[in-house]
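Per-entry structural report
If you want the building blocks of each chain, they are given just below.
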Amino acid sequence: MGSSRRVYLVRHRELSKLLVLKEAVTDVQSAKHQHQQEVLILKSLSFPGIPELYEYGENENICYIVQEYVSGKSLHSILMQFISQEQFIKYSHQMIIIVQKLHQHLRGPILYLDFKSEHFLVRDEIVYLLDFGLAEFAPSGQLENIEYGTEEFSAPETRQRRIATVASDVYSLGILLKKMFEKTRFDDLEVKSRIQSILNRMTKEDLAERSPNLSEAEEVLKELRYQAKENQKSLLNKKVAVLGSQPRVGTTFVSALLTGCLNRLGVPACYKEDPKKRWIVGSSLLKEGRFTESEYWRGCFRATPDYGPFVKSGERKPHSVNTVDICDLGVYRPEKGLENYSLIILVLGARAWEQRMSEEQYLALKGRKNCILVCSLQTRDEVKDLSRILGKEVYLIPAMESPYQSEKRIQKLILQINGLLHSEKS
């Protein structure tokens, strides 16, 4: 309805809940038609991901719609930063299911005609489709002389001949999913290739070569989503030990950095504080982040603070989801009980006066499986020299101001950690 449309956030007096009031001038016949179509469509839809219609009406030249208010983050704002492979699969599968249900409506397909990231919203990991202002019933399967949304997302036949079919929606959604694809950090090249192949078929310019509907895309993403859930199950009770060869080599920094990077990758990781260090509780971090139940969050970094012996364990709430515990154990000691850990990350000192101690600690752990060596606060030449002495690859974590920032330069290390965590049998 263009510039004649106004949207308000209102509170229902009797229900005492927030709702959305959309008001438009209908002195133009096309605007009146769009309002009536939106009402008919919302009245006929009742499934997850669609806002509920509460009330509607017309008064002289004004029409209005009152519907459920969905709080959350728009897909547009989410895509301002990179998302994980798990997020792409979860969100895109839900988006496809919603649009597929529109196309399979009992009264004939509903064509949405206005796909863009601003019209999808995510609340508590559930995707919603908003704004049906241009949507139309297409009982015969094709619409002519239609109004369509953003040209960037519109199919060639829609732009050139102003006709639209289910395949036109498939193209538009495919273009949007491609933009999501470009903002995704994939950790599995085979998964990436399968998704890319689907999106290419959805966005063929030629109608004869394009996917006619969303069945194939839904089937593949459902399979990938199931695989992701199975992979998450394999992470149950996994623990990673982060140890230092000596004091002040950066075990806490490395632990915090890895926790955030794994969460960005879609692996639910939680930092476990060393009770002797009291790093989180004893610092100003608590003022800079937020708490959810008993967990501390700062960006993608999550931690369970240790409040010491005066807080009973029964007063601490359990994690909301299964997690990989990143345990900051400080300097390595033989009595650490490392047999209970799925993976050991040994943080080494690489400077000339630190190399002997690093070599001794490495040799003490050499017989253990799944042991990864890293260096922080060192130069590239120092790390290369240490790697030569040990005869094993040592990952360099480059200098950075904060462990909470996204760090592309350690992607190889993060992918190896993720692979080892998933490959080990629970």
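Up top is the structure these notes are about.
The structure reproduced in this document is the subject of the present report. Everything numeric in this text was worked out from a predicted model, so none of it was measured.

Quick notes on the packing of helix H3 (residues 85-103) against helix H5 (residues 166-182)
Taken N-terminus to C-terminus, the directions of H3 and H5 make an angle of 170 degrees; their axes are 11 Å apart at the nearest point. One finds that H3 runs roughly antiparallel with respect to H5. Here H3 contributes Phe88, Tyr91, Ser92, Met95, Ile96, Val99 and His103 to the contact with H5, which in turn contributes Val166, Asp169, Leu173, Leu176, Leu177, Met180 and Phe181. Here the contact of H3 with H5 is composed, by residue class, of 11 nonpolar, two polar and one charged.

Regarding the pairing of strand S20 (residues 343-348)
The buried count for S20 comes to six of six residues, which makes it a mostly enclosed element. What you see with S20 is no split at all: Leu343, Ile345 and Val347 on one side and Ile344, Leu346 and Leu348 on the other are buried throughout. Relative to strand S21 (residues 371-376), S20 runs parallel, the two sharing five bridges. Each bridged residue has a counterpart across the sheet, and for Val347 the counterpart in S21 is Val374. For the segment spanning S20, helix H10 (residues 355-365) and S21, crossover handedness is right-handed.

Some words on unusual backbone geometry
With a phi close to 70 degrees, Leu113 is a non-glycine residue in the positive phi region. Note that Leu113 resides in the loop between strand S7 (110-111) and strand S8 (120-123). Backbone geometry at Leu377 places phi at a positive 65 degrees, although glycine is not the residue there. Within the element layout of this structure, Leu377 appears in the loop between S21 and helix H11 (380-390). When its relative accessible area of 52% is taken as the criterion, Leu377 is described as exposed.

Notes on helix H12 (residues 411-423)
A rise of 1.5 Å per residue sets the reference length of H12, with its 13 residues, at 18 Å; its end C-alpha atoms lie 18 Å apart and thus fit the reference within 8%. For H12, the set of buried residues is Leu413, Ile414, Ile417, Asn418, Leu420 and Leu421. Axial view of H12: buried residues confined to an arc of 165 degrees, hence all on one face. For H12, exposure combined with an orientation more than 90 degrees from the buried face picks out Lys412 and Ser423.

Some words on the side chain of Thr158
On the secondary structure map, Thr158 appears in helix H4 (residues 156-161). A distance of 3.1 Å separates a polar atom in the side chain of Thr158 from the backbone oxygen of Ile163. Beyond its immediate sequence surroundings of up to four residues, Thr158 is in contact with Ile146, Tyr148, Ile163, Ala164 and Ser168.

Focus: the nonpolar core
Counting 58 residues, the largest nonpolar core has Met95, Phe120, Phe132, Leu173, Met180, Ile195 and Met202 as its most contacted members. Ranked by residues supplied to this core, first place goes to H5 with nine residues. Sequence-distant contacts of Ile195, defined by excluding residues within four places in its chain, comprise Phe88, Ile89, Phe181, Phe186 and Leu224. Within the second largest apolar cluster, 27 residues are counted, among which are Ala269, Met400, Ile417 and Leu420.

Looking at the packing of aromatic side chains
In the structure shown here, the tally under the stated rule is seven aromatic pairs. Taking the centre distance of 6.2 Å and the plane angle of 80 degrees together, the rings of Phe88 and Phe181 count as edge-to-face. With Phe88 in helix H3 and Phe181 in helix H5, the pair connects residues that are 93 residues apart, well separated along the chain. As far as burial versus exposure is concerned, Phe88 and Phe181 are alike and both buried. Feature note: the residues Tyr112, Phe115, Phe120 and Phe132 constitute an aromatic cluster, connected by ring pairs.

Topic: the sheet that holds S8
One open sheet holds the three strands; their spatial order is S5-S8-S9, and the pairing between them is antiparallel. With one partner strand each, in any of the chains shown, strand S5 (73-74) and strand S9 (126-129) form the two edges of the open sheet. Sheet topology note: the S8/S9 ladder contains four bridges and is antiparallel. Bridge pairing links Phe120 to Leu129 in S9. Relative to the sheet, H3 contacts S8 and S9, its axis offset from that of S9 by approximately 40 degrees.

Cut-offs applied
- Counting starts from 1 at the beginning of each chain's written sequence and moves along it residue by residue.
- Only residues with pLDDT of at least 70 are given local features in this predicted model, and only at 80 or more are side-chain atom pairs given and counted; all residues enter the totals for whole chains, interfaces and linings.
- Excluded from the side-chain calculation are hydrogens and water; included are all heavy atoms of the structure.
- Convention adopted: a line fitted to C-alpha atoms gives each axis, helices being fitted over their contacting stretch, and angles between N-to-C directions are expressed from 0 to 180 degrees.
- The numbering of helices and of strands both runs from the N terminus, where a helix is a DSSP run of H or I of at least 4 residues and a strand a run of E of at least 2.
- Any angle that is under 35 degrees is reported as roughly parallel, and any over 145 degrees as roughly antiparallel; angles of 65 to 115 degrees are reported as roughly perpendicular and all others as oblique.
- Contacts are assigned to residue pairs with any non-hydrogen atoms lying within 4.5 Å of each other.
- Lys, Arg, Asp and Glu make up the charged group, whereas Ala, Val, Leu, Ile, Met, Phe, Trp, Tyr, Cys and Pro make up the nonpolar group; the residues left over, Gly among them, are polar.
- The classification of residues rests on relative accessible area computed with a 1.4 Å probe and restricted to protein chains. Under 20% of the type maximum is buried, over 50% is exposed, and intermediate values are partly exposed.
- Strand pairing is assigned whenever DSSP detects at least two bridges linking the two strands.
- With the strands pointing away from the viewer, any crossover whose connection runs clockwise from the first strand over the helix to the second is right-handed.
- Here the expected span of a helix is defined as 1.5 Å times the quantity of residues minus one.
- An arc is given here, and it is the one of the directions from the helix axis to the C-beta atoms.
- Two N or O atoms form a polar contact when they lie within 3.5 Å of each other; inside protein one atom must be a possible hydrogen donor and the other a possible acceptor, and for residues adjacent in sequence the pair counts only when both atoms belong to side chains.
- Among the buried residues, those of types Ala, Val, Leu, Ile, Met, Phe, Trp, Tyr and Cys that are joined through side-chain atoms within 4.5 Å form a nonpolar core.
- Each aromatic pair joins two rings of Phe, Tyr and Trp (for Trp, the six-membered one) with centres within 6.5 Å, and gets the label stacked for planes under 30 degrees apart, edge-to-face for over 60, and tilted for any other angle.

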